[in-house]
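So you can see what is in the structure, the chains are spelled out below.
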Amino acid sequence: MKILVVGPSWVGDMVMSQSLLMRLKADHPEAEIDVLAPNWCRPILARMPQVSQAIAMPIGHGALQWNVRKQLANSLVARQYQQSIVLPNSLKSALVPWMAKIPKRTGWRGEMRYGLVNDMRNLETAAFPLMVQRYIALAEDAPRSAVDLKPIITPVLDVDQEQQAAVFKRFSLANEDRQLVAFCPGAEFGPAKRWPHFHFATLAAQLIDSGRQIVCLGSAKDTAAIQQIKDLLSADQLRSFVDVSGQTTLTEAVDILANCSAIISNDSGLMHIGAAVNTPMIALYGPTSPDFTPPLSDNAQVIRLIEGYIKLRKGNAEQGYHQSMIDIQPELVFERLQSMVTV
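Here is a short report on the structure shown in this document. Every value quoted in this text rests on a predicted model; they were computed, and no experiment measured them. (Residues numbered from 1 in each chain as written. Predicted model: local features only at pLDDT ≥ 70, side-chain atom pairs only at ≥ 80, totals over all residues. Heavy atoms only, no water.)

Some points on the sheet that holds strand β11 (residues 281–284)
In space, the six strands of this open sheet follow the order β9-β8-β7-β10-β11-β12, with parallel pairing throughout. Since the sheet does not close on itself, it has two edges, and those belong to β9 (241–243) and β12 (300–303), each with one partner. On average, adjacent strands in this sheet sit at an angle of 20 degrees to one another, irrespective of strand direction. (Pairing = 2+ DSSP bridges. Helix = DSSP H or I, 4+ residues; strand = E, 2+ residues; numbered from the N terminus. Axes fitted to C-alpha atoms, helices over the stretch in contact; angles between N-to-C directions.)

Now the structure itself:
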């Protein structure tokens, strides 16, 4: 049995999609599962043993590029897939499996893709409140609600211990007695989803003064926000504050997060990676809701002070932060952290 999964475009969603891959492997141990994914997500698939091949989607988000999709589909015909599972709801995401003439093409109804998806499911959003449930439901025979699903298998990313040792050495990170605390202060769409830099700085100072080392992870576009944190720390404290943003691969971030004593993270892709390596975590939410995409780990605790979901790209308070994120005080995060690990 050969299955092609058309993966999501965001790193965090790709991590959550591992639950689907694990369910497919549990139900069909002999299956070969390939995943079609954008290049920025592909590295994380190397840490999912359920994936036989990570196939590059050479087209940017939202672009049609019909001829490129057709060439890709033609290259997949020889794989002789029996089924494709299309996780995004867009019309474009369903084109390649259709062009590749994969017999069974499973997905949720969305964007007028009749015929492109021939195993069409009607989504009742209240019946599957979690994104991971919506993914897993596509592996089963048209379940009516989350109650009908088999138990969710939470993501578990592999760790490369040799690479882990190398990256810890490269950045002089503490790897004894798990004295390293990871900060993931970035988030998409600007500061609205971010815990304020001044709160991160207050918490960093408290942790450093108690003998911890801080490592800040993120992409190159998070470096400016991390610099704001650093600007509020003393020279002595900066000696125990390591900024690796923009300097690590996605798999190196997996290995770093797996060997930390704790993680403090906004709602981001790194949060989902941290959950998938089961490191104790405090996940900070404001306008976005953990009711849809929570960290999938029993070792994670969510702090959120408001109810409901607020769709916005800009914060309503100082420096673009959302007031609900400002209201999460560093003292509360430190107390919650103390309840999980020794600090």
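Further notes follow.
Remarks on the pattern of salt bridges
When their charged atoms lie close together, side chains carrying opposite charge are able to pair. All told, the structure shown has 11 salt bridges when counted by the stated rule. Here Arg 23 and Asp 27 are joined by a salt bridge, their closest N and O atoms 3.3 Å apart. Here Asp 27 and Arg 23 lie together in helix α2 (residues 18–27), a separation of four residues that amounts to about one turn. Judged by its relative accessible area of 26%, Asp 27 is partly exposed. The residue Arg 170 makes a salt bridge to Glu 252 at a minimum N-O spacing of 3.1 Å. Taken together, the residues span a long stretch of sequence, with Arg 170 in helix α7 (residues 161–170) and Glu 252 in helix α11 (residues 250–258) at a distance of 82 residues. We classify Arg 170 as partly exposed; its relative accessible area is 44%. Take Glu 252: its relative accessible area is 10%, and that puts it in the buried class. (Salt bridge = Lys/Arg side-chain N within 4 Å of Asp/Glu carboxyl O. Buried < 20%, exposed > 50% of the residue type's maximum accessible area, 1.4 Å probe, protein only.)

Details of the side chain of Arg 105
Along the polypeptide, Arg 105 turns up in strand β5 (residues 104–108). No salt bridge is formed by the buried Arg 105, whose closest oppositely charged neighbour, Asp 119, lies at an N-O distance of 10 Å. In terms of polar contacts, Arg 105 uses its side chain to reach the backbone carbonyl oxygen of Ile 102, at 2.8 Å. Not counting the four nearest positions on each side in its chain, Arg 105 is found in contact with Ser 84, Pro 97, Trp 98, Gly 115, Leu 116, Val 117, Asn 118 and Asp 119. (Lys, Arg positive; Asp, Glu negative; His and termini not counted. Polar contact = N/O pair within 3.5 Å; in protein donor to acceptor, adjacent residues only side chain to side chain. Contact = heavy atoms within 4.5 Å.)

Some thoughts on the nonpolar core
Nonpolar side chains in soluble globular proteins tend to end up buried together. Among the nonpolar cores identified, the biggest contains 63 residues, and Val 5, Ile 44, Val 215, Leu 217, Leu 257 and Ile 273 are the most heavily contacted of them. Residues contacting Ile 44, with those up to four places away along its chain left out, are Met 14, Val 15, Leu 157, Leu 250, Val 254 and Ile 273. Of all hydrophobic cores here, the second largest spans 27 residues; its members include Phe 183, Ile 214, Ala 262 and Met 325. (Core = buried A, V, L, I, M, F, W, Y, C linked by side-chain atoms within 4.5 Å.)

A short note on the packing of aromatic side chains
The full count for this structure, using the stated rule, is five aromatic pairs. Plain terms: the ring middles of Trp 66 and Trp 98 are 6.4 Å apart, the flat faces sit at 70 degrees to each other, and that makes the pair edge-to-face. In this pair, Trp 66 sits in helix α4 (residues 66–76) while Trp 98 sits in helix α5 (residues 95–99), placing the two residues 32 residues apart along the sequence. Between Phe 198 and Tyr 321, the ring centres sit 6.0 Å apart and the planes meet at 90 degrees, which makes this aromatic pair edge-to-face. (Phe/Tyr/Trp six-rings, centres within 6.5 Å; stacked < 30°, edge-to-face > 60°.)

Things to note about the environment of Ser 90
Following the sequence through the fold, Ser 90 ends up in the loop between β4 (83–86) and α5. The spacing of Ser 90 and Trp 108 is 18 residues in sequence and 9.6 Å in space, taken between C-alpha atoms. Every residue in contact with Ser 90, bar those within four places of it in the chain, is listed here: Glu 111 and Arg 113.

Quick look at the sheet that holds strand β2 (residues 32–38)
On the basis of which strands lie adjacent, the open sheet formed by six strands has the order β3-β2-β1-β4-β5-β6 and parallel pairing. Of all strands in the sheet, those with a lone pairing partner are β3 (51–57) and β6 (119–121), marking the two edges. Each adjacent strand pair in this sheet contributes to an overall mean axis angle of 20 degrees, direction not counted. In the sheet, strand β1 (residues 2–6) pairs with β2 via five bridges, with the strands oriented parallel. Its bridge partner being in β2, Lys 2 is matched across the sheet by Glu 32.

Describing the side chain of Gln 164
Turning to its location among the elements, Gln 164 is positioned in helix α7. Take Gln 164: its relative accessible area is 13%, and that puts it in the buried class. What Gln 164 contacts, discounting residues up to four positions off in sequence, is Val 159, Asp 255, Ala 258 and Asn 259.

Some details on the pairing of β11
Burial along β11 is two-sided: the face carrying Met 281 and Ala 283 and the face carrying Ile 282 and Leu 284 are both buried. Examined bridge by bridge, strand β10 (residues 262–266) and β11 share four bridges and lie parallel to one another. Paired with Ile 264 across the two strands is Ile 282, which belongs to β11. Crossover handedness for the path β10 to helix α12 (residues 269–276) to β11: right-handed. Note: β11 against β12, four bridges, orientation parallel. Note that in β12 the partner of Ala 283 across the bridge is Val 302. (Right-handed = clockwise from strand over helix to strand, strands pointing away.)

Thoughts on unusual backbone geometry
Leaving glycine aside, a negative phi is the common case for residues, and trans is the common case for peptide bonds. Non-glycine residue Lys 101 carries a positive phi angle of around 60 degrees. Structurally, Lys 101 can be placed in the loop between α5 and β5. Accessibility expressed as a relative area gives 65% for Lys 101, which makes it exposed. Notably, Ala 142 is not glycine yet its phi reads approximately 50 degrees, a positive angle. Here Ala 142 lies in the loop between α6 (131–137) and α7. Given a relative accessible area of 44%, Ala 142 falls into the partly exposed group.

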